[in-house]
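# Structural overview for review
What follows is each chain in one-letter form.
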Amino acid sequence: LIRKPLPDGFRKGKKQKVSAKVAVLLPLPPTAELEAQVMNEHQPLALMSQETEARQQAGTQAGQSDEIFRLLVESVKDYAIFLLDVEGKVLTWNQGAERIKGYRAHEIIGRHFSQFYPPEAVESKWPDRELEIAKKEGRFTDEGLRVRKDGTTFWAHVVITALRDAQGVLKGFSKVTRDLTERQELEERTRKLNKELRNRVNQLQETQRQVELRTLELQKLSSDLMRVQDDERRKISRTLHDELGQELTSLKIELDLQNSALDGKRLVPAIEAAQRSLSKVRNLSYLLHPPLLEESGLLPALHWYFDGLEKRSELHVNFDYKPLPFPRLPRDLETTVFRIIQEALTNVYRHSGSEDARIDLNQTADRLTIRIRDFGKGISSTASAAGVGISGMKERLRQLNGEFKISRAEPGTMVEANIPLIDTLTEVSF
Amino acid sequence: MTEILHVQSLQDGFGESFSQPFNVPRCILLVDDSASVLESLKRALEGVAGWRVGGEALNGREAIAEAAALQPDLAILDFSMPVMNGQDAARELSSTMARLPLVIFTTFHTPEIKRQAISSGCSRVVAKTQISELIAAVHQIFDNVA
């Protein structure tokens, strides 16, 4: 196509900057028929071909490199690179164009480039407008949907450049089209992934919020459980003490009376049995919940407990407290302190082998400190981690924002509980 | 309250001017929240010649009203009771009826309880199951007063 001699009329427009570059854009002709058509109808092509041919005829090196360039453009597969005449009809075609748009060269050369646009774009005369802009501004760039031969669409990046000769006469347009579908897909995929990521993050935050909420609920539940347990124990303890205990007291008094009315001996075994029952009921009641705690406060309850423990276990308890006299505290706090000391002393009695325990209870304006120390064999690390009594102490303290510490005291073990009083006094009601 | 105090002081005056003729039984106010214990204690105390349980109350609050009305020679109070416990009742009685001897009768017989009870104005603290000790304590108080 290109190498054919040109009609005379086409020769005069020679010499232009674009020629060298544009000439290489020329593909091989698809058919002889088209060839003729193009030769006759498309000035720029003819013009350039003319130069190329002239160079080739001259056998110059420039001619050879034009050929190489032509082959280069021809073989580019990633870009559709082709020429349009001034009206927008396709003049040339490369492999990239064929790959991207689906037309073979002979199918498209000579057809108007609006073929590549969706019907609605064609209807609105968008393709013509693109050429107008390119004509006016020298160049037009756009991104948009284009149609392949099979009717499918792809996302294209398009650059249309107006080609003018030295006198500024418009000779046609170059069009470089890139299929951005892949990029578009990647972007879409990135967008989707980002959206998914945002969703996941949101879900994660929601889950975290739920976990925090559940943790709070659990803490409340555990605190309720402690309270319910304390209340139940208190009720059972009261029933045992006030009802069964009083009946047994009455029985004991009656037996005493009968015994002294008789010989003062005969009922002694019965009196002793009644006394034993009474002691057992009292101890049971007391261990469940010391009645003295509510009525008389922490100190009487503790003294009562120490007395009983010393009798039962032969453990000697050395108790120091400040201030003197020791004040009444909110019920929850008194119960907590009592239970912690009870728990700790039970451990001392059961596990330490110590004969002495030392307890310091110290109340200041803003905190209450309890220290329970024994002089026995010392706590093992597993016991400190797993002890049920210890976790109970910790839970009770947590409810009062208190701290719990257990450490070796060489010899023995030191249990320390620290309770802030300002929080406790404002939060805990009687 | 002022009216009661007024009546009380009048009665106090009476009590003193006639102070215990030999043949008049000693009047005891018995306070315990358990009806069974009250019953048994009453029988035990009235078994002693020259004593009678003139009034009974089920808690500290009732005890104060009953004491004002009855003007007993002695009150025996359970330590642990609902509404008002023995210690609080003792504290109030020892200020309104200073000459009334008070005995606390308790299950919780510890030095700390004893200290608290004595500080609230009680003369004696006796373990609840030791009926003979209680009788001995009451005897001692009456002997000292007489």
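On a predicted model such as this, the values are computed, not experimentally measured, just so you know.

What counts, and at which threshold
Residue numbers restart at each chain and count upward from 1, following the sequence in its written direction. To read the labels, note that chains go from A and ligands from 1, taken in the order they are written. Under the rules for a predicted model, residues below a pLDDT of 70 receive no local features and side-chain atom pairs below 80 are neither given nor counted, while totals for whole chains, interfaces and linings still include all residues. Only hydrogens and water are removed before side-chain values are computed, so all heavy atoms of the structure are retained for them. To qualify as a helix, a DSSP run of H or I must reach at least 4 residues; to qualify as a strand, a run of E must reach at least 2; elements of each kind are numbered from the N terminus. Burial classes follow relative accessibility: with a 1.4 Å probe on protein chains only, a residue under 20% of its type's maximum area counts as buried, one over 50% as exposed, and anything between as partly exposed. In this description, contact between two residues means that some pair of their heavy atoms is separated by no more than 4.5 Å. Put simply, the grid is 1 Å and covers the protein atoms alone, a cavity is a trapped set of points that fit a 1.4 Å probe, a pocket is an open set with protein on both sides within 12 Å along at least five of seven lines, and lining residues have an atom within 4 Å of a point. Grid points are joined across faces, edges and corners, and a volume is the space filled by probe spheres set on the points. Residues are grouped as follows: nonpolar covers Ala, Val, Leu, Ile, Met, Phe, Trp, Tyr, Cys and Pro; charged covers Asp, Glu, Lys and Arg; every other residue, Gly included, is treated as polar. Buried area counts how much accessible surface, traced with a 1.4 Å probe, disappears from two parts once they are put together, with both parts' losses summed. Criterion for a salt bridge: a side-chain nitrogen of Lys or Arg within 4 Å of a carboxyl oxygen of Asp or Glu. Pairing of N or O atoms within 3.5 Å defines a polar contact, subject to two protein rules: one partner must be a possible hydrogen donor and the other a possible acceptor, and residues neighboring in sequence count only if both atoms are side-chain atoms. Any two strands with at least two DSSP bridges between them are considered paired. Between N-to-C directions, angles span 0 to 180 degrees; the directions come from axes that are lines fitted to C-alpha atoms, helices contributing only their stretch in contact. Oblique is the label for every angle not falling under 35 degrees (roughly parallel), over 145 degrees (roughly antiparallel), or within 65 to 115 degrees (roughly perpendicular).

## What about the overall build of chain B?
- The number of helices and strands found in chain B is six helices and five strands.
- Helices and strands in chain B line up, N terminus first, as α-β-α-β-α-β-α-β-α-β-α.
- Across the 146 residues in chain B, those meeting the buried criterion constitute 51%.
- In chain B, once contacts between residues fewer than 6 apart in sequence are set aside, the share between residues at least 24 apart is 65%.

## Comments concerning the layout of surface pockets
Residue and element names in this part refer to chain A.
- Put simply, the second largest pocket is a space of about 480 Å³.
- Those elements giving two or more residues to the lining of the second largest pocket turn out to be α9 (181-261), α12 (298-313), α13 (331-352) and α15 (388-399).
- Of the residues assigned to the lining of the second largest pocket, the class counts are seven nonpolar, five polar and six charged.

## A look at the interface of chain B and chain A
- At the interface, 27 residues of chain B touch 24 residues of chain A.
- Counting each side, the surface lost to burial between chain B and chain A is near 2100 Å², with a carbon and sulfur contribution of 57%.
- Summed over the shared surface of chain B and chain A, the number is one salt bridge.
- Counting across the interface, chain B meets chain A through eight residue pairs in polar contact (both at pLDDT 80 or more).

## Considerations on the pattern of salt bridges
All names here are of chain A.
- Summed over the entire model, instances satisfying the criterion amount to 34 salt bridges over all chains.
- In this structure, the salt-bridge partner of Glu 107 is Lys 149, at a minimum N-O distance of 2.7 Å. Of this pair, Glu 107 sits in helix α6 (residues 105-108) while Lys 149 sits in the loop between β2 (139-147) and β3 (153-164), and the two are 42 residues apart along the sequence.
- The class of Lys 149 is partly exposed, set by a relative accessible area of 44%.
- Ionic pairing is found between Asp 179 and Arg 148, a salt bridge with its closest N-O pair at 3.6 Å. You can see Asp 179 sitting in strand β4 (residues 170-179) and its partner Arg 148 sitting in the loop between β2 and β3, a full 31 residues away along the chain.
- In this structure, a network of salt bridges that share partners links the residues Glu 130, Asp 142 and Arg 146.

## Some words on the side chain of A:Gln363
- Its location among the elements puts A:Gln363 in strand β6 (residues 356-363).
- If sequence neighbours within four positions are ignored, A:Gln363 has contacts with A:Lys322, A:Pro323, A:Phe326, A:Pro327, A:Leu329, A:Leu368 and A:Leu421.

## A look at the sheet that holds strand β9 (residues 413-420) of chain A
All names here are of chain A.
- If you walk across this open sheet you meet the five strands as β5-β6-β7-β9-β8, and the pairing is mixed. In this open sheet, the two strands that pair with only one neighbour each are β5 (316-322) and β8 (403-408). Each strand axis lies, on average, 10° off the axis of its neighbour in the sheet, ignoring direction.
- Where β6 meets strand β7 (residues 367-374), seven bridges bridge the pair, whose relative direction is antiparallel. Residue pairing for β7: Asp 360 is matched across the bridge by Arg 371.
- The strands touched by α12 within the sheet are β5 and β6, with β5 carrying the most contacts at an inclination of about 170°.
- With respect to the sheet, α13 is in contact with β5, β6, β7 and β9, its orientation differing from that of β7 by roughly 10°.

## Details of the packing of α9(A) against α13(A)
All names here are of chain A.
- At a closest axis distance of 12 Å, the pairing of α9 and α13 adopts a crossing angle of 85°. The angle between α9 and α13 places the two elements in the roughly perpendicular class. On the side of α9, the interface is formed by Arg 227, Asp 230, Asp 231, Arg 233 and Arg 234, while α13 contributes Arg 331, Asp 332, Thr 335 and Arg 339.
- Of the residues in the contact of α9 with α13, the class split is no nonpolar, one polar and eight charged.

## Thoughts on empty space enclosed by the protein
Residue and element names in this part refer to chain A.
- Enumeration according to the criterion identifies one cavity of 30 Å³ or more in this entry.
- Looking at the largest cavity, its volume works out to about 30 Å³.
- At the level of elements, α9 and α10 (268-288) are the ones that each hand at least two residues to the lining of the largest cavity.
- Take the lining of the largest cavity: its biggest share by element is four residues, from α9.
- Classifying every residue of the lining of the largest cavity gives one nonpolar, five polar and one charged.

## Focus on unusual backbone geometry
Residue and element names in this part refer to chain A.
- Omega for the peptide link from Lys 322 to Pro 323 comes to 0°, which places this bond in the cis form.
- With respect to the helices and strands, the residue Pro 323 is situated in the loop between β5 and α13.
- The omega torsion across Leu 324 and Pro 325 is -10°, close enough to zero to call that bond cis.
- Structurally, Pro 325 can be placed in the loop between β5 and α13.
- Non-glycine residue Glu 314 carries a positive phi angle of around 65°.
- Along the chain, the position of Glu 314 falls in the loop between α12 and β5.

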